[in-house]
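Each chain, letter by letter, is given below.
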Amino acid sequence: HPLVGVVFALYIAFVLLAIMNVVTGVFVETGMQSAKREEDEYMINLVRELFAMSDRNGDGNIEWSEFEAMLCSPHMEEGFKLIDADVAQAKELFQLLDIDGTGSVAFDDFVDGFMRFKGP
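Note on numbering: residues in each chain are counted from 1, in written sequence order. pLDDT decides what is reported in this predicted model: residues at 70 or higher carry local features, side-chain atom pairs at 80 or more are listed and counted, and totals for whole chains, interfaces and linings draw on all residues regardless. Heavy atoms from the whole structure form the basis of all side-chain values; hydrogens and water molecules are not counted.

## Side note on the environment of Leu 96
At step 1: Counting from the N terminus, the helices are the DSSP runs of H or I reaching at least four residues and the strands are the DSSP runs of E reaching at least two. By the secondary structure assignment, Leu 96 is in helix H4 (residues 90-97).
At step 2: With 29 residues separating them in the primary sequence, Leu 96 and Phe 67 have C-alpha atoms 13 Å apart.

Here it is as structure tokens:
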């Protein structure tokens, strides 16, 4: 019967489209994961640079005065932009980064804090 041939052709077309959809999904997912890794690497490098530029006395910690002095720099503005924060929220951000309440932020706390604020 010719009807069986038409049904079989539609079945083949459906299966072919389903397989193409799965293959496309795999490529898109791989691309998204790669973009996420690159974004995370960029963020970590930017935060490292921010810390190095902010730690003016070289003691491995950033005090509020050092952090505040960097607020007008393009690097700091970019860092705030990446975590969807405004420079006006700098004092609150610094207080959140200062986990132990000493008035200074260590390198690891600084990087980890920025990455947490960035989100998944």
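Now that the structure has been shown, we can carry on.
## With respect to the packing of helix H1 (residues 2-54) against helix H5 (residues 107-118)
At step 1: For every element, the axis is a line fit to its C-alpha atoms; helices are fit only across the contacting stretch, and the angle between N-to-C directions ranges from 0 to 180 degrees. Between H1 and H5, whose axes approach to 10 Å, the crossing angle comes to 140°. If you check the angle between H1 and H5, you find them oblique. The handedness of the crossing between H1 and H5 is right-handed. Facing H1, whose interface residues are Lys 36, Glu 39, Asp 40, Met 43, Ile 44, Val 47, Arg 48, Leu 50 and Phe 51, H5 presents Phe 107, Phe 110, Val 111, Phe 114, Met 115 and Lys 118. Under this scheme an angle from 65 to 115 degrees is roughly perpendicular, one under 35 degrees roughly parallel, and one over 145 degrees roughly antiparallel; angles in between are oblique. Crossing handedness: left-handed means the near helix sits turned counterclockwise from the far one by under a right angle, and right-handed means the same turn made clockwise. Two residues qualify as a contact provided that any one of their heavy atoms is within 4.5 Å of a heavy atom in the partner residue.

## So, the side chain of Ser 54
At step 1: Relative to the helices and strands, Ser 54 is located in helix H1.
At step 2: Only protein chains enter the accessibility calculation, which uses a 1.4 Å probe; a residue is then buried when its area is under 20% of its type maximum, exposed when over 50%, and partly exposed in between. The exposure class of Ser 54 is buried, given its relative accessible area of 0%.
At step 3: Side-chain atoms alone can form a polar contact between residues adjacent in sequence; in general such a contact is a pair of N or O atoms within 3.5 Å, and within protein one must be able to donate a hydrogen while the other accepts it. There is a polar contact of 2.8 Å between the side chain of Ser 54 and the backbone oxygen of Leu 50.

## Thoughts on a nonpolar patch on the surface
At step 1: Judged by side-chain polarity, Leu 3, Val 6, Val 7 and Leu 10 come together as a nonpolar surface patch covering roughly 400 Å² of accessible area.
At step 2: Along the polypeptide, Val 7 turns up in helix H1. Only residues whose relative accessible area exceeds 30% and that form no salt bridge are eligible for patches; like-charged ones are grouped when within 9 Å, while nonpolar side chains (Val, Leu, Ile, Met, Phe, Trp, Tyr) are grouped when within 5 Å. Areas reported as accessible are Shrake-Rupley estimates using a 1.4 Å probe. Residue values count occlusion only from the protein chains shown. Salt bridges, as used here, are contacts in which a Lys or Arg side-chain nitrogen is within 4 Å of a carboxyl oxygen on Asp or Glu.

## Details of unusual backbone geometry
At step 1: The phi torsion at Asp 84 lies on the positive side, around 55°, for a residue other than glycine.
At step 2: In this fold, Asp 84 is placed in the loop between helix H3 (74-82) and H4.

## Side note on H1
Think of an α-helix as turning once every 3.6 residues; residues three or four places apart then point the same way.
At step 1: Relative to the 78 Å expected for 53 residues at 1.5 Å per residue, H1 spans 77 Å between its end C-alpha atoms, a close match to the ideal helical length.
At step 2: Along H1, the positions that sit buried rather than exposed are Met 43, Leu 46, Val 47, Leu 50, Phe 51 and Ser 54. What a helix should span is 1.5 Å times the count of its residues minus one.

## Description of the nonpolar core
At step 1: Only buried residues count toward a nonpolar core. Its members are Ala, Val, Leu, Ile, Met, Phe, Trp, Tyr and Cys residues joined through side-chain atoms within 4.5 Å. Counting residues in hydrophobic clusters, the biggest one holds 21 residues, and the most contacted among them are Phe 67, Leu 71, Met 76, Phe 80, Leu 93, Phe 110 and Phe 114.
At step 2: Broken down by secondary-structure element, the contributors of at least two residues to this core are H1, helix H2 (64-69), H3, H4 and H5.
At step 3: Non-local contacts of Phe 114, meaning those with residues more than four positions away in its chain, are made with Met 43, Val 47, Leu 50, Gly 79, Ile 83, Leu 93 and Leu 97.

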